[in-house]
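# Architecture and fold: a report
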Amino acid sequence: MAEGSKDQGGTGTTDPEEDSPNMIVYRKIEDIVTRIQDEKAGGVAIRTVKSFLSKIPSVVSGADIVQWLMKNLSVEDPAEAIHLGSLIAAHGYIFPISDHVLTLKDDGTLYRFQSPYFWPSNCWEPENTDYAIYLCKRTMQNKARLELADYEAENLARLQRAFARKWEFIFMQAEAQVKIDRKKDKAERKILDSQERAFWDVHRPVPGCVNTTEMDIRKCRREKNPHRVKKSVYGVPDDGQSQPSPVHISSQPARKPTKEDVQKEITFLNIQLDRHCMKVSKVADSLMSYTEQFMEYDPFVSAIEPSNPWINDDTNFWDLEASRDPSQQRVKKWGFSLEEALKDPAGRDQFLKFLESEFSSENLRFWLAVQDLKRRPLQEVSSRAQEIWQEFLAEGAPSSINLDSHSYERTSQNLKDPGRYSYEDAQEHIFKLMKSDSYARFLRSNIYQDLLLARKKQPADTEQGRRTSLEKFTRSVGKSLTGKRLTGLMQSS
Amino acid sequence: MGEMEQLRKEAESLKDQITAARKAVQDTTLQEAAAGITVVGRVQLKTRKTLRGHLAKIYAMHWAVDANLCVSASQDGKLIVWDTITTNKVNAIPLKSSWVMTCAYAPSGNLVACGGLDNMCSIYNLKGKDGNVKVMRELAAHTGYLSCCRFLSDSEIITSSGDCTCVLWDIETGTQKTVFAGHQGDCMSLAVSPDFKFFISGACDFTAKLWDIREGVCRQTFGGHESDINAIGFFPNGNAVITGSDDATCKLYDLRADQELITYQDSSIMCGVTSLAPSLSGRLILAGYDDFNVNIWDSLKSERVGVLAGHDNRVSCIGVSADGMACCTGSWDSFLKIWN
């Protein structure tokens, strides 16, 4: 990975439009689409197909496209190639000639490439007036292939109501467009008509289909000029009636960094520089050993004992987790680190039990008290902080903990203005102490080892155990008696 | 003018020194170090539940810590708390502003928060005395949209905003405790470290920053992405950070080595990453993309080991439950799906 001064980050200096997430995708697709169409450079063969009495110009089959994608983009799985191809289609760069729904099929379905004029990267945001003109002109031409689909007819009806006052204008524009279209060559018209239709399939998709021109509202707000004049597909001048959506109200303009900004950056950079960098080999090892340790607990990687509740619809796993009677596997986790042991309520309990047996539970109780302090509402913080001082740190405290003089000084200073983090240093110190001393002994203790190795007391030793044993005995005797009776019967007959 | 030039030069020189320090510890790469490990086997998760009820794009979801509850926010102006096992709606909270972009569940399970174009973070109490869910607090001070929020406890919450800052709030008093300023682009996402001492933010200036919650300063900055960082998360051990960007890649940065360790990318993936979540062990990274799919990556080998295809529109949010058992995805198609 190239690490230059750029990796400290910086805003793009190019036009924000270029940086918009949709635009980034468009450029990538355009690169692919240009390559597919380049027959000389290994692209697909675009040809004219004979159909009944007519010819279908400039088409390619879905299967050909899928094959090309698999070969040229190193895609092994055909399903993935279809997914990718459908993405390209959904954005309108390729389209099926006989369907409004923009997906790619891996068969003989015929597709055509979109004209660069209509590419989404041209930032089309066609108005309803344009759409109305389009639907209107389609009704003017007596061609079966131009008949409106049901949803289009509904849209046209709606637009006629919405634009009732200026319908004459729209009608005239539509007529003008029809005149222009008539002048074109027949084959060319077939192609252009289909491309125009595909354009509208992107911007006015079939109900139920995704509108791929939609943008995340968080990104919309960074548009440099949300009120820019939108160009019309049919050259209709903008009458300024378009309403900006609430999303497009311009946020504050990007401000230039000030002297304070740069000074702050310098402070942060110094903080970053002033730290010890660990070797990559060491951190890599650390990551690998962590994942290795925890992979057996990761339900997405390993099978879960006793069963995965989502698959088998039973809640045994969760019942066990909630119980204070932990499984061996769970107890094993406590041995990974003190953090893991303390994360688990059962682990906390057992560690506390162990420390109590050693008469050294004050450290853990202090640590727990400070954790609790950090979550208290502000009004309780001050009094709680004082209570902790009295219990653990004051002279003659009942649960006196052992702090080094430096931490002690800092903590008593902090308590002059008590806050949630007053005990942070002390807590860290105590944690380190527990980690290096009592935690290690805990892992060697009987309390822990018994649980880890599931060394439970023998059932026969307990009252309950005796009863269970008796039950088992009775049942087994019953079974063998039944077996004998059956055999006896069979032998006699 | 001269002073500004000097300051810029100083900043550049420091950046160069940081780059040099990073290079100095690059005795290997994660890919080399993990060369001996076999790739995780194909991961095939199935949809176990579909949560239906939202009427518009879902922008965010967040798991509760304790139970199998989660909260989701949609542009239909509702915050819904789901019982993912029964698929029942535990709460359906109507919002004042429908332009919501984020939601969060408090670790205690008592509170949820949300925010969006209203520039505010609204806190709701789920365990109110009379059983009704009401707004408990409205945290207002940001001058840009609220992109993300995460609770530290019932008393404190951290928010990130389109005004390029992150803020630590005291919920009780409704005041800003600390403002974390430094990003030069909209802050899109944030994540809190497992020990609650740090948080990381990803922004539209293509960088991720690690902040010390107590000190209020930025400790480390990571670059390398070529576009907005939309999603960010901690590796489960708290020592590494994962980011997802509009440049269609995810990256893993190690905090102790102070640098990028690996990039997760594929030439056939062209759409931006919207959301991500590591699996319980960190060995898998599940990332949601604009192309309607979730891709599952082997975090150490940087290979794709699975795909979750089931949504009919962008995957906008993803989360792995606290026990690692289930993954929840939310989409612009208005559905949430539970996978495992």
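Residues numbered from 1 in each chain as written. Chains lettered and ligands numbered in written order. Predicted model: local features only at pLDDT ≥ 70, side-chain atom pairs only at ≥ 80, totals over all residues. Heavy atoms only, no water.

### Description of the overall build of chain A
The helix and strand tally for chain A stands at 23 helices and 4 strands. By the burial criterion, 41% of the 493 residues in chain A qualify as buried. Long-range pairs, those at least 24 residues apart, make up 62% of the contacts in chain A between residues at least 6 apart in sequence. Accessible surface, chain A as shown: approximately 28000 Å² in total, 52% of it carbon and sulfur. (Helix = DSSP H or I, 4+ residues; strand = E, 2+ residues; numbered from the N terminus. Buried < 20%, exposed > 50% of the residue type's maximum accessible area, 1.4 Å probe, protein only. Contact = heavy atoms within 4.5 Å. Areas by Shrake-Rupley, 256 points an atom, 1.4 Å probe, with all protein chains shown as cover.)

### Things to note about the UniProt feature "domain: DEP" (unreviewed entry) in chain A
Mapped onto the present numbering, the UniProt feature "domain: DEP" (unreviewed entry) falls on residues 40-115 of chain A. Helix makes up 32% of residues 40-115 of chain A and strand makes up 26%, while its end C-alpha atoms are separated by 19 Å. (UniProt positions renumbered as here; feature names shortened; annotations may be inferred.)

### Here's the deal with the nonpolar core
All names here are of chain A. Counting 35 residues, the largest nonpolar core has F351, L364, F366, L393, Y423 and M434 as the members making the most contacts within it. Counting only elements with at least two residues in this core, the list comes to α14 (328-334), α15 (338-343), α16 (345-357), α17 (362-374), α18 (378-393), α20 (424-436) and α21 (438-444). In this structure F366 touches I388, F392, L393, I401, Y423, A426, Q427 and I430, once residues within four positions along its chain are discounted. (Core = buried A, V, L, I, M, F, W, Y, C linked by side-chain atoms within 4.5 Å.)

### Things to note about the UniProt feature "domain: RGS" (unreviewed entry) in chain A
Taking the UniProt record as the reference, the feature "domain: RGS" (unreviewed entry) is found at residues 337-452 of chain A. Counted over residues 337-452 of chain A, helix gives 73% and strand 0%. Its end C-alpha atoms are 15 Å apart.

### Quick look at the domain arrangement of chain A
According to the domain assignment, chain A consists of domain 1 (22-122), domain 2 (128-183) and domain 3 (323-453). Just the C-alpha atoms count here: the centres of domain 2 of chain A and domain 3 of chain A sit 76 Å apart. (Domains from an automatic or database assignment.)

### Describing the pattern of salt bridges
Counted by the stated rule, this structure contains 40 salt bridges over all chains. Between B:D246 and A:K219 there is a salt bridge; the shortest N-O distance is 2.8 Å. Separated into two different chains, B:D246 in the loop between β19 (240-245) and β20 (250-254) and A:K219 in helix α9 (residues 217-220) make up a pair that spans both. In this structure, B:D246 and A:K219 share a single accessibility class: buried. (Salt bridge = Lys/Arg side-chain N within 4 Å of Asp/Glu carboxyl O.)

### Focus: the sheet that holds strand β28 (residues 336-339) of chain B
Residue and element names in this part refer to chain B. Spatial strand order, β1-β28-β27-β26: 4 strands in an open sheet with antiparallel pairing. For this open sheet the edge positions go to β1 (47-51) and β26 (315-320), each flanked by a neighbour on one side alone. The sheet shows a mean angle of 20° between the axes of neighbouring strands, taken without regard to direction. Relative to strand β27 (residues 327-331), β26 is paired through 5 bridges, and the arrangement is antiparallel. Its bridge partner being in β27, V320 is matched across the sheet by C327. (Pairing = 2+ DSSP bridges. Axes fitted to C-alpha atoms, helices over the stretch in contact; angles between N-to-C directions.)

### Things to note about the UniProt feature "repeat: WD" (unreviewed entry) in chain B
Residues and elements named next belong to chain B. The sites that carry the UniProt feature "repeat: WD" (unreviewed entry) are, in the present numbering, residues 51-92, 139-179, 180-221, 222-263 and 308-340. This span, residues 139-179, is 0% helix and 61% strand, and a straight line between its end C-alpha atoms measures 13 Å. Strand forms 55% of residues 180-221 and helix 0%; the C-alpha atoms that close the span are 13 Å apart.

### Here's the deal with the side chain of B:S160
All names here are of chain B. Here S160 lies in strand β11 (residues 156-161). Here the side chain of S160 touches S147 through a polar contact of 2.8 Å, side chain to side chain. The contact partners of S160, leaving out residues within four places of it in the chain, are Y145, L146, S147, C148, T165, C166, C187, M188, S189 and L190. (Polar contact = N/O pair within 3.5 Å; in protein donor to acceptor, adjacent residues only side chain to side chain.)

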